[in-house]
Amino acid sequence: MPGRRAAMTTVQPTARRSAAERAATKATYAAFAGSGLLLSSGLARLPQLRDDLGLDTGQLGAILLAGAAGALISRPFSGRVVTQLGQGRAVAWTSALSGVALVLIGLGDRLGAPVFATGMLLFGLFSSAWDVAMNIQGTVVERRLGRSIMPRFHAGYSVGTVAGALLGAAMVQLDVPVPVHLTIVAVVVAVALPIAVRGFLPGEPPSTEDGRRPHSTLRYWREPRTLMIGVFVLAAGFSEGAGNDWTGVSFVDGYHAPAALGTVAYATFLAAMTATRWFGPRLLDRFGRVIVLRIQGAVAVLGLLLFIFAPAVPLAFVGTALWGVGVAFGYPVGMSAAADDPAHAAGRVTVASSVAKIASFAGPPLLGLLGDHVTILRALLAVAALQVVALCLAQATRPLAPVDPDRHRALDNQ
């Protein structure tokens, strides 16, 4: 019986490991979907908040900018938070605090614009650290599975945003007050996420081989590869953000189409991007990051040019779909590349995502200003130009070669 006993002891750890990986995969999907649900629930009620508070477009834009500013301010410190708390506890705390911020946003409908703005600022602060933590956990799961899955996690985020938007539409139709709606969503997420993240896998301990503080991210701002990944994700993220913000408006204005067709164009962009993230990761495993990202970059440029210059509406829809396909992998694969070395994942993901955050902070208003002079449809040429930059920088995402631990220690001590 010794041989039989030995066989059982080798099978059981594998089974446990498989169960742990499945649990971590589900937990990471929950973290991404919950983040999308919380964000889109608030965005779905913006028109009513604007009307109830009597805000003009400029005032609403300033309040939304408070949210972007909060995210930009907290992003450089997010790696430190994640390192100190661990990815699971970081998501648990930041999801609960983001829920509190969403409640404040809802209460702003009754208590005034300052409360609304405070909620937006806090939402940006807390959700930024949440984003870093769940992306790092996504790379941990990806390494354990031995295959690309980050784009699927980001597809889960997209599913969450769609669910939040649909729920918001239903709440508006049922005439549910803004504070009630957003409080319900906040409570559900704040209760569900801390339970879900119990399935997270433990992350790699941060490197302390050079004698510096393990949570310090300053060192990573001096790494050329990390900064190049950040610029790559900025360029790719700018294109994705422009699709989210301007597809419908530019379609309606540029092709003199009814608003309903603009909504369909936006849905086409989202559907193409989400489907590619869900069904496309096998391409990354088969052909590698760089070649896939370069091909996608070319597809995105082609799609944008077709969307901008199409002689007929059906071709513009084709361009919209190609645009969505082309930008699908930029941000998730950039996060995977930043986290290639697990001992430095938190710092490098923080830096790369901080650089990329500039796109969401500055992109929409810059395109709007440019659109005032050349029409918003033609302004998308700037997006195509940045997508060419992303295509050229795709080389930065090439996976790091495995490093021998003794050699790694020697390099860090130089």
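Above this note sits the structure.
For clarity, every value in this text was computed on a predicted model and none was experimentally measured.

Peer 1: Explanation requested: the packing of aromatic side chains in the structure shown.
Peer 2: Between two aromatic rings, the relevant description is the distance of the centres plus the angle of the planes. Tallied over the entire structure, the rule returns 9 aromatic pairs. Following the ring pairs from residue to residue traces out a cluster consisting of Phe251, Tyr255, Phe269, Phe307, Phe317 and Trp323. In this structure, Arg152 is placed above the aromatic ring of Trp278, and the distance from its NZ or CZ to the ring centre is 4.4 Å.

Peer 1: It is not clear to me how the pattern of salt bridges should be interpreted in this structure. Could you clarify?
Peer 2: A side chain with one charge may pair with a side chain of the opposite charge, provided their charged atoms come close. Inspection of the entire model under this criterion finds 8 salt bridges. A salt bridge links Arg50 to Asp51, with the nearest nitrogen and oxygen atoms 3.2 Å apart. Look at Asp51 and you get exposed, because its relative accessible area is 52%. A salt bridge links Glu223 to Arg348; the nearest nitrogen and oxygen atoms lie 2.8 Å apart. Here the residue Glu223 occupies a position in the loop between helix H7 (178-196) and helix H8 (224-255), and Arg348 occupies one in helix H14 (residues 345-374), the gap between them amounting to 125 residues.

Peer 1: Explain the packing of H8 against helix H12 (residues 313-327) to me, please; I cannot follow it from the model alone.
Peer 2: Helix packing for two helices is described by the angle between their axes and how far apart those axes are. At a closest axis distance of 11 Å, the pairing of H8 and H12 adopts a crossing angle of 175°. For the element pair H8 / H12, the angle class is roughly antiparallel. Counted together, Ser239, Glu240, Ala242, Gly243, Thr247, Phe251 and Tyr255 of H8 and Val313, Ala316, Phe317, Thr320, Trp323 and Val327 of H12 form the full contact between these two elements. Of the residues assigned to the contact of H8 with H12, the class counts are 8 nonpolar, 4 polar and 1 charged.

Peer 1: Explanation requested: a nonpolar patch on the surface in the structure shown.
Peer 2: Side chains of Leu283, Phe287, Ile291 and Ile295 sit close together on the surface and give an oily, nonpolar patch of about 380 Å² of accessible area. Put simply, the parts of the chain that give the nonpolar patch at least two residues each are helix H10 (281-287) and helix H11 (289-309). Along the polypeptide, Phe287 turns up in helix H10. Since its relative accessible area comes to 49%, Phe287 is described here as partly exposed.

Peer 1: I would appreciate a short explanation of the packing of helix H9 (residues 259-279) against H12 in the present structure.
Peer 2: Their axes nearest at 7 Å, the elements H9 and H12 cross at an angle of 35°. The way H9 lies across H12 gives a crossing that is right-handed. Every residue of H12 that contacts H9 at Leu261, Val264, Ala265, Thr268, Phe269, Ala272, Met273, Thr276 and Arg277 is listed here: Phe317, Thr320, Ala321, Trp323, Gly324, Val325 and Val327. Of the residues that constitute the contact of H9 with H12, the class distribution is 11 nonpolar, 4 polar and 1 charged.

Peer 1: Just checking my understanding: could you explain the environment of Ala396 for this structure?
Peer 2: In this fold, Ala396 is placed in the loop between helix H16 (381-393) and helix H17 (405-412). Remark: the alpha-carbon pair of Ala396 and Ala337, spanning 59 residues in sequence, is separated by 8.2 Å. Setting aside chain neighbours within four positions, we find Ala396 in contact with Arg225, Met228 and Ile229.

Peer 1: Is there a simple way to explain H16 in this structure?
Peer 2: Spanning 13 residues, H16 covers 19 Å between terminal C-alpha atoms, matching the ideal 18 Å at 1.5 Å per step. Every buried residue of H16 is listed here: Val383, Ala384, Gln387, Ala390 and Leu393.

Peer 1: I tried to follow unusual backbone geometry on my own but got confused; where do I start?
Peer 2: Outside of glycine, negative phi angles account for most residues, and trans bonds account for most peptide bonds. Within the chain, Asp175 stands out as a residue other than glycine whose phi angle is a positive 60°. Notably, Thr375 is not glycine yet its phi reads approximately 80°, a positive angle.

Scoring rules and cut-offs
- Residues numbered from 1 in each chain as written.
- Predicted model: local features only at pLDDT ≥ 70, side-chain atom pairs only at ≥ 80, totals over all residues.
- Heavy atoms only, no water.
- Phe/Tyr/Trp six-rings, centres within 6.5 Å; stacked < 30°, edge-to-face > 60°.
- Lys NZ or Arg CZ within 6 Å of the ring centre and 35° of its normal.
- Salt bridge = Lys/Arg side-chain N within 4 Å of Asp/Glu carboxyl O.
- Buried < 20%, exposed > 50% of the residue type's maximum accessible area, 1.4 Å probe, protein only.
- Helix = DSSP H or I, 4+ residues; strand = E, 2+ residues; numbered from the N terminus.
- Axes fitted to C-alpha atoms, helices over the stretch in contact; angles between N-to-C directions.
- Parallel < 35°, antiparallel > 145°, perpendicular 65-115°, else oblique.
- Contact = heavy atoms within 4.5 Å.
- Nonpolar A, V, L, I, M, F, W, Y, C, P; charged D, E, K, R; others polar.
- Patch = residues over 30% accessible without salt bridge, like charges linked within 9 Å, V, L, I, M, F, W, Y side chains within 5 Å.
- Areas by Shrake-Rupley, 256 points an atom, 1.4 Å probe, with all protein chains shown as cover.
- Left-handed = near helix turned anticlockwise from the far one by under 90°.
- Expected span 1.5 Å × (residues − 1).

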